[in-house]
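As a plain string of letters, each chain reads:
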Amino acid sequence: MNIKELITKSSKEQREALINKEVSALELTNAVYEQVEAVDGTIGAYNSLTKEYAIETAKKVDEKIKNGEKIAPLAGIPLALKDNINLKSYPTTASSKILKNFISPYDATVTTKLKNNLIPVIGKANLDEFAMGSSNENSAFKIVRNPWNLNKVPGGSSGGSAAAVSAGEATIALGSDTGGSIRLPACYCGLVGLKPTYGRVSRYGLIAFASSLDQIGPITRTVEDAALLLNVISGVDEKDSTSLNQTPPDFTKDLKNDLKGVKVGYIKELCSEGMSPDVENAVKKSIETYKSLGAEIIEISLPLIKYSIAVYYVIATAEASSNLARFDGVKYGYRTNSAENLYDMYVKTRAEGFGDEVKRRIMLGTYALSSGYYDAYYKKAQQLRRLVKQDFDNAFKKVDVLLSPTCPHTAFDIGSKVEDPLSMYLTDIATITANLAGIPALSIPVGLDKSGMPIGLQLQADCLNECKLLNVAFKLEEVVQFNYSTPSMTLV
Ligand code: GLN
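Residues numbered from 1 in each chain as written. Predicted model: local features only at pLDDT ≥ 70, side-chain atom pairs only at ≥ 80, totals over all residues. Heavy atoms only, no water.

J.: Could you give me a rundown of helix α8 (residues 223–233), with the residues and numbers involved?
T.: Taking burial as the measure, the 11 residues of α8 include 9 buried ones, the bulk of the element. Along α8, the positions that sit buried rather than exposed are Val223, Asp225, Ala226, Ala227, Leu228, Leu229, Leu230, Val232 and Ile233. In the segment just after α8, glycine 235 is the residue with positive phi, at about 125°. (Buried < 20%, exposed > 50% of the residue type's maximum accessible area, 1.4 Å probe, protein only. Helix = DSSP H or I, 4+ residues; strand = E, 2+ residues; numbered from the N terminus.)

Have a look at this one:
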């Protein structure tokens, strides 16, 4: 296999080539940079490159291989890091003007783990500003184009991470998911995206959007790669008080288990109406596949889903308004140069530094938390959040995993929803509840629609049941045999 082909494969094939010395980690990394050079002017997946670090890491991997030492399972595998996760001495911008010149003073815990595993970080991947959005059109710097069709959005907010993997500009990626931001881009770009159980992965060094919902997770070409990357990043962290004190299992251990007797529940409210016909067919076909694999199919009703968007947009904006208060021109990044006094400096810095969507959310959240409205909005939303969790608890007494589309439709045209935030918010109808409930959820490609755009199926499991989730996804992947090669991968 030549190296141009190799960069479009899964980590498994790349590792084999590394171990067999058919290619060096340095050559692999350089080939990925060549692809970035060739396509990223069009795709826009990266805000910045971290070449020095990537090359240095690749060389360390080669040294180990040369000395006959064992290397970690993902050592030498090129990774795209969402630009809201710190990598020491490199920029972290969250795709916001307010952090445009910010250099990370420390490593996020996940980044330290990447370093310990000698995983080369190719660059910092574009995103919706502060991870707020579903299309990556809210980046203050540039939009990201979907490698399957350059006129379509890649999904958001981790659009750069997904587009990078999809276009051969990285093999694996890390994104963050507050309401669907890993799963939606994975869905739109024909990739696997996994949001782990809340607390499974440390959030230390991730720029906070909504702290009770945010989780870092993998975006990859295969289910096995997602499991391998989760092995790297998960585990308790004393620097994050919400990280779970649980020793993570080997997430690859159950991948190949057969599905006889496994109970798969399809979510009635998401699988009965509102989908595009192609998505609906793909969901039906997946249900049939699971039947043929020996799973038991059960209908599950989650009636509170209809409130989930409203609940999410109260809680997420409330937390965001508080988290983003720290960007005041004093401590980090941008400061206005026309202030008359301290208050004026705060106001102008924030007015000039934040984009429209971020401002909209800060205003919404501040309103929801203000005295007189707190009980009516924030408290009500928290009460409903509890009920949503209860619905899931009851569902998981009956089934092992829940199935639905990841999104009722495939990727939409760039520009088609920017003027209408509510219709943008609705793209998250299927993904948001997993964050409210803290459960793990995954998107896996199951086919293409008539216009050639990828369709994603969402699977969800109870807290800490990632192994089951990955197993159920892996068995479907074996049948679907999705071909994740995109037109952009062949642009070189
Ligand atoms: N699209 C959702 C939002 O705009 C989710 C974003 C996310 O998961 N970071 O808030």
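Alright, that's what it looks like, and here's the rest.
J.: Account for the side chain of threonine 197, naming residues and giving values.
T.: Along the chain, threonine 197 turns up in the loop between β5 (192–195) and β6 (215–220). On the basis of relative accessible area, threonine 197 is assigned to the buried category, the value being 2%. Among all residues touching threonine 197, those that are not within four sequence positions of it are Gln215, Leu244, Gly438, Ile439, Pro440, Cys463, Leu464 and Glu466. (Contact = heavy atoms within 4.5 Å.)

J.: Report on the site of the ligand, specifying residues and quantitative values.
T.: The environment of the ligand is made up of 15 residues, and the closest members are Gly179, Ser181, Tyr312, Arg361 and Asp428. The separation between an oxygen atom of the ligand and a polar main-chain atom of glycine 179 is 2.6 Å. A distance of 3.2 Å separates an oxygen atom of the ligand from a polar atom in the backbone of glycine 180. Among the residues forming the shell around the ligand, the class breakdown is 5 nonpolar, 7 polar and 3 charged. (Near = heavy atom within 4 Å. Polar contact = N/O pair within 3.5 Å; in protein donor to acceptor, adjacent residues only side chain to side chain. Nonpolar A, V, L, I, M, F, W, Y, C, P; charged D, E, K, R; others polar.)

J.: Go over the packing of α8 against helix α17 (residues 466–480), please, and point to the residues and values.
T.: Viewed as axis vectors pointing N to C, α8 and α17 meet at an angle of 160°, and their least axial separation amounts to 9 Å. Between α8 and α17, the interaxial angle falls into the category roughly antiparallel. Taking contact as the criterion, the partners of Val223, Ala226, Ala227 and Leu230 in α8 are, on α17, Glu466, Leu470, Ala473, Phe474 and Glu477. Its residues placed into classes, the contact of α8 with α17 shows 7 nonpolar, no polar and 2 charged. (Axes fitted to C-alpha atoms, helices over the stretch in contact; angles between N-to-C directions. Parallel < 35°, antiparallel > 145°, perpendicular 65-115°, else oblique.)

J.: Requested: an account of unusual backbone geometry, with residues and values cited.
T.: The amide bond that connects glycine 156 to the next residue, serine 157, takes the cis arrangement and shows omega of 10°. Along the polypeptide, serine 157 turns up in the loop between β3 (121–125) and α6 (159–166). One non-glycine residue, lysine 21, lies in positive phi territory at about 60°. Mapping lysine 21 onto the fold places it in the loop between α2 (11–19) and α3 (25–43). According to the relative accessible area criterion, lysine 21 is exposed, its value standing at 57%.

That is the geometry; function is a separate question.
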